[in-house]
Amino acid sequence: SPLTALDRTITLVGLMGVGKSTVGRRLAQRLGLPFADGDHVIEEAAGMTISEIFASRGEAEFRAGEARVMRRLLEGPPIVLATGGGAMMNPETRGLIKTRSISVWMKADLKVIADRVQRRDTRPLLRGRDPLTVLRELAETRYPIYGEADLTVEVGGGAHGQAVDAIHREL
Ligand code: S3P
């Protein structure tokens, strides 16, 4: 029931472009919880975009910063937390997600996601490569890990409102 969710953080995980930030913000409004977007918190702290962090400091440093931000957010009061697509791959972050939150894997057809991410070029992992190829590679290593989430919610290619409803129903 939604009542059980109210006093716990809800963490949205899944591939880039699946709608974690947009859906998370709206879910938070509906549940009356604060919203945090991990990527955005990192950008604010660094004073740079994710792409700039990757370019100037490298992925390893981004991942270290991401893990620190995730720890701080997951150890804090209940929120709806949108994570970057790679956050759950860190074992320490994954442990915190599992012990400190209700986790939701937002899962969508890779072709649907590829169409979405093609319209923006803010994602360093794509780096001009074919999005569907990159997404297939990421799915292979990440789907077993995302699958450890408490809930898996299939989100279609339609309006984000439908995904908000679908997650809300499952909580
Ligand atoms: C990443 C996803 C991005 C961002 C960074 C790396 C990933 O977040 O954290 O570009 O490893 O999948 P989104 O999932 O919000 O695009």
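Analysis parameters
Residues numbered from 1 in each chain as written. Predicted model: local features only at pLDDT ≥ 70, side-chain atom pairs only at ≥ 80, totals over all residues. Near = placed C-beta within 6 Å. Nonpolar A, V, L, I, M, F, W, Y, C, P; charged D, E, K, R; others polar. Helix = DSSP H or I, 4+ residues; strand = E, 2+ residues; numbered from the N terminus. Contact = placed C-beta atoms within 7 Å. UniProt positions renumbered as here; feature names shortened; annotations may be inferred. Axes fitted to C-alpha atoms, helices over the stretch in contact; angles between N-to-C directions. Parallel < 35°, antiparallel > 145°, perpendicular 65-115°, else oblique. Left-handed = near helix turned anticlockwise from the far one by under 90°.

With that out of the way, let us pick up the site of the ligand. Taken together, Met16, Lys20, Asp39, Ile50, Gly84, Gly85, Gly86, Arg123, Pro124 and Leu125 make up all the residues around the ligand. For the shell around the ligand, the per-class residue count stands at four nonpolar, three polar and three charged.

Mapped onto the fold, Thr9 is located in strand 1 (residues 9-13). Between the alpha carbons of Thr9 and Leu74 there is a distance of 7.4 Å; along the sequence they are 65 residues apart. When sequence neighbours within four positions are dropped, the list of residues in contact with Thr9 reads Leu74, Pro78, Ile79, Leu81, Arg100 and Ser101.

Bringing the UniProt feature "binding site: Mg(2+)" (unreviewed entry) in the protein into the picture now. The UniProt feature table records "binding site: Mg(2+)" (unreviewed entry) at Ser21. Within the fold, Ser21 resides in helix 2 (residues 20-31). In contact with Ser21, other than residues within four places in its own chain, are Asp37 and Ala82.

Moving on to the packing of helix 2 against helix 9 (residues 160-170). A packed helix pair is summarised by two numbers, namely the angle formed by the two axes and the spacing between the axes. Interhelical geometry of helix 2 versus helix 9 gives an angle of 55° and a closest axis separation of 9 Å. Regarding the angle of helix 2 to helix 9, the classification is oblique. Seen from above, helix 2 lies across helix 9 with right-handed handedness. Each of Thr22, Val23, Arg26, Leu27 and Arg30 in helix 2 lies in contact with helix 9, whose residues at this interface are His160, Ala163, Val164, Ile167 and His168. Of the residues that constitute the contact of helix 2 with helix 9, the class distribution is five nonpolar, three polar and two charged.

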